[in-house]
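Take a look at the letters that make up each chain.
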Amino acid sequence: MLEGFVPWPEEFKQRYYARGYWEGRSMAAVFAEACARHGDRIAVVAGDERITYRQLDERATRLALHLWQLGIRPLQTVVVQLPNVPEFLYLYFALQKIGAIGLMALPPHRYHEISYFVQLTEATGYAVPERLGDDDLTALAARLQAEYPSLRHVLVHGRARQPGHHSLQELLHTEPGVPEAVLREVTIDPEDPAVFLLSGGTTGIPKIIPRTHNDYVYNSRAAGAVNDIRPGDALLVVLPIAHNFPLASPGVQAFLLAGARVVLSTSTRAADALPLIARERVTHLELVPALLVRWINDPLLREHDLSSVRIINTGGQKLQEEVKRRTEALLPHAKVQEVLGMAEGLLNFVRLDDPDEVRYTTVGRPVSPDDEIRIVDDDGADVPPGEIGELWTRGPYTLRGYFRAPEHNARAFTPDGFYKTGDLVRLHPSGNLIVEGRKKDLINRGGEKISAEEVENLILQHEAVLNVACVPMPDPVLGERMCAYVIPRGARAAEATLTLEDLTRFLVERGLAKFKLPERLELVDEFPMSAFGKVSKKDLAARIAAQVAAERAAAQGAQASAP
Ligand code: AMP
Ligand code: DBH
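All values reported here derive from a predicted model rather than from experimental measurement.

Definitions and cut-offs
Residues numbered from 1 in each chain as written. Chains lettered and ligands numbered in written order. Predicted model: local features only at pLDDT ≥ 70, side-chain atom pairs only at ≥ 80, totals over all residues. Heavy atoms only, no water. Axes fitted to C-alpha atoms, helices over the stretch in contact; angles between N-to-C directions. Helix = DSSP H or I, 4+ residues; strand = E, 2+ residues; numbered from the N terminus. Parallel < 35°, antiparallel > 145°, perpendicular 65-115°, else oblique. Left-handed = near helix turned anticlockwise from the far one by under 90°. Contact = heavy atoms within 4.5 Å. Nonpolar A, V, L, I, M, F, W, Y, C, P; charged D, E, K, R; others polar. Near = heavy atom within 4 Å. Polar contact = N/O pair within 3.5 Å; in protein donor to acceptor, adjacent residues only side chain to side chain. Areas by Shrake-Rupley, 256 points an atom, 1.4 Å probe, with all protein chains shown as cover. Pairing = 2+ DSSP bridges. Salt bridge = Lys/Arg side-chain N within 4 Å of Asp/Glu carboxyl O. Buried < 20%, exposed > 50% of the residue type's maximum accessible area, 1.4 Å probe, protein only. Disulfide = S-S within 2.5 Å.

**Comments concerning the packing of helix H2 (residues 27-37) against helix H3 (residues 53-70)**
Line of reasoning, step 1. Packing of H2 against H3 brings their axes to within 7 Å, and their N-to-C directions diverge by 140°. Classified by the angle between their axes, H2 and H3 sit oblique to one another. For the pair H2 and H3, the sense of crossing is left-handed. Residues Ala32, Ala34 and Cys35 of H2 form the contact with H3, whose own contacting residues are Tyr53, Arg54, Leu56 and Asp57.
Line of reasoning, step 2. Considered class by class, the residues forming the contact of H2 with H3 number 5 nonpolar, no polar and 2 charged.

Right under this line is the structure:
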């Protein structure tokens, strides 16, 4: 077994096998079977390219042989940081065929994050596009290779210009030097990790979530079962494909298991995505609230025939009831189905046949009969039904521990294996959950989670900073953005010269992903303290919320009184 992976206890394994949740097969076997069954149907649409199930499997096999030939072996980690392109899927399935573990990095991650993933997993490979935005990722890959000798293989989407780097497209067009028979010799334990996902992180840098063959297939089957997926259906993949939601919840995995299509979009702009939905007769959307809100407020919405859309899943962040109602008024053929999901496992879906009132006001309930949930107070005692408490969970597809993180695991899990989600919820009489807030110290920026502590640790390295506290500030579009409260070093706040631009430059130089940059800086001489002498982030968050509201009201007032 892979060192640093926390397995389920034996009695739970037996239960999950006995109830049929765990199939005891590798993901490679499960998806090869789906590809064989649906051979000539279209599996993937990307731009003008239409890829059949057979082609998907053949290309993944060819790439798998090349990876094998390069020397990548079972249980080795390959960090995958690719956009929503077909090569992502070829690589995803190729890694599974050789029992290697793809770590699902997100497009904004840079040196700060990737170096940590490489170090912790002793990754042997890193797959990148030539460029992402303004950044040359092959240069980043070369730098990481110089620092981490384990990182022997760099795979490039595009041209490989550095010695020792390989172009994915070239590999896909080249005959491998090893026979297909080698893949039959690969032994894969379905109880081992198949994929590494990333948590939004509540403390420090993102934690690594091991998803096993058994649990990740079940994750998609269970999510698929409550999403009415028919063989002619199509899912629009517009969020980063490496994220658990579009990848597997139900995501690409469930749509491929159903013989349906996945339509890849590399753009989130309404001008790109809406015509694609119309052209491909997309039936399912998986969106974060900020994106849905943008699209339904875009005049283009009326210009395209979106009548094929039946189901809109939103998750990652709370979606206002009003937005659900408005979306359904604009798209009368569609139902909005909110998801409380997490890369750690547990998926709650509102059911399509829940009464409207329940569908509009809750985030649904667990998808597996063996998802156990508890709602507890600060002492870990169950609260009476209907009262607010923290959500704890364990089950057949929820992790028992983050990878190689024993100290964090001691805090994030109970001794009997419940994952403490940090979400504050309450039970609705229907049995569904309502999210009421959260305990964890993070900023939820349009569904992207930012660990306050991770950013604070970097800001503290700035010479003009004595102390810092990062808190969420309300934002009408993204829900929250990050505000950094800083106590300057060696100067009163009123005289200090530190600016947001200084801070931003400093953090970007350290390779922090851009979505984690604070978007407002407040200089103060001291922090409010709680009764126990802790910095009261609650008070700071309330302070900036009041300030933002006052500024907005003043701006509106000024507008209203303008001639
Ligand atoms: P992660 O652990 O990074 O995968 O993020 C999962 C977290 O996102 C959950 O624990 C919640 O805090 C948040 N989240 C996901 N879906 C929703 C939702 N529908 N409403 C509110 N919060 C959500
Ligand atoms: O926020 C999430 O991590 C999330 C949201 C919706 C998720 O992992 C999911 C659905 O599967």
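**Quick word on the site of ligand 2**
Line of reasoning, step 1. Taken together, the neighbourhood of ligand 2 is formed by His243, Asn244, Phe245, Ser249, Gly315, Gly316, Val339, Gly341, Met342, Ala343, Leu347 and Lys449.
Line of reasoning, step 2. Measuring from an oxygen atom of ligand 2, one finds a side-chain N or O atom of serine 249 at 3.3 Å.
Line of reasoning, step 3. Within the backbone of alanine 343, one N or O atom sits 3.3 Å away from an oxygen atom of ligand 2.
Line of reasoning, step 4. Protein burial of ligand 2: of its 290 Å² of free accessible surface, 94% is covered by the chains.
Line of reasoning, step 5. Looking at the shell around ligand 2, the elements that each hand over two or more residues are helix H10 (244-248) and strand S16 (335-342).
Line of reasoning, step 6. It is S16 that provides the largest number of residues to the shell around ligand 2, a total of 3 residues.

**With respect to the sheet that holds strand S19 (residues 372-376)**
Line of reasoning, step 1. The 4 strands are arranged S19-S20-S21-S22 in an open sheet whose pairing can be described as antiparallel. Edge positions in the open sheet fall to S19 and strand S22 (433-438), since each of these has one partner strand only. Here the average twist between neighbouring strands, direction ignored, is 45°.
Line of reasoning, step 2. Sheet topology places strand S20 (residues 389-394) next to strand S21 (residues 419-427); 4 bridges connect them, and they run antiparallel.

**Some details on the pattern of salt bridges**
If the charged atoms of two oppositely charged side chains come close together, the side chains can form a pair.
Line of reasoning, step 1. What the rule picks out here adds up to 51 salt bridges.
Line of reasoning, step 2. Put simply, aspartate 228 and arginine 310 hold a salt bridge, and the shortest N to O gap is 3.4 Å. Of this pair, aspartate 228 sits in the loop between helix H9 (213-225) and strand S12 (234-237) while arginine 310 sits in the loop between helix H13 (289-296) and strand S15 (311-315), placing them 82 residues apart in sequence.
Line of reasoning, step 3. The class of aspartate 228 is partly exposed, set by a relative accessible area of 32%.
Line of reasoning, step 4. With a shortest N-O distance of 3.0 Å, glutamate 280 and arginine 279 are connected by a salt bridge.
Line of reasoning, step 5. Each of the salt bridges in this network shares a partner with another, and the network as a whole consists of Glu23, Arg25, Glu33, Arg37 and Arg221.

**Concerning the site of ligand 1**
Line of reasoning, step 1. Taken together, 17 residues lie near ligand 1, and Gly200, Val339, Glu344, Asp423 and Lys440 sit nearest.
Line of reasoning, step 2. For ligand 1, whose accessible area on its own is 500 Å², the fraction buried by protein is 93%.
Line of reasoning, step 3. Tallying contributions element by element places S16 first for the shell around ligand 1, with 5 residues.
Line of reasoning, step 4. Looking at side-chain class alone, the shell around ligand 1 contains 6 nonpolar, 5 polar and 6 charged residues.

**Section: the side chain of lysine 13**
Line of reasoning, step 1. Relative to the helices and strands, lysine 13 resides in helix H1 (residues 10-18).
Line of reasoning, step 2. Of the polar contacts made by the side chain of lysine 13, one reaches the side chain of glutamate 191; its length is 2.9 Å.

**Some thoughts on the state of the cysteines**
Line of reasoning, step 1. Applying the stated criterion to the full structure yields 0 disulfides.
Line of reasoning, step 2. Summary of cysteine pairing: cysteine 483 is not part of a disulfide, and the nearest cysteine sulfur, belonging to cysteine 470, is at 8.0 Å.
Line of reasoning, step 3. Of the residues examined, cysteine 483 reaches a relative accessible area of 0% and is grouped as buried.

**Side note on the pairing of strand S5 (residues 125-129)**
Line of reasoning, step 1. In terms of burial, S5 is largely enclosed, as 5 of its 5 residues are buried.
Line of reasoning, step 2. Residue alternation in S5 divides its side chains into two sets, Gly125, Ala127 and Pro129 and Tyr126 and Val128, and both sets are buried.
Line of reasoning, step 3. Two strands pair when backbone bridges link them, and strand S3 (residues 77-80) and S5 are joined in this way by 3 bridges, in the parallel orientation. By the bridge assignment for S5, valine 78 is matched with glycine 125.
Line of reasoning, step 4. Across 5 bridges, S5 lies against strand S8 (residues 153-157) in parallel orientation.

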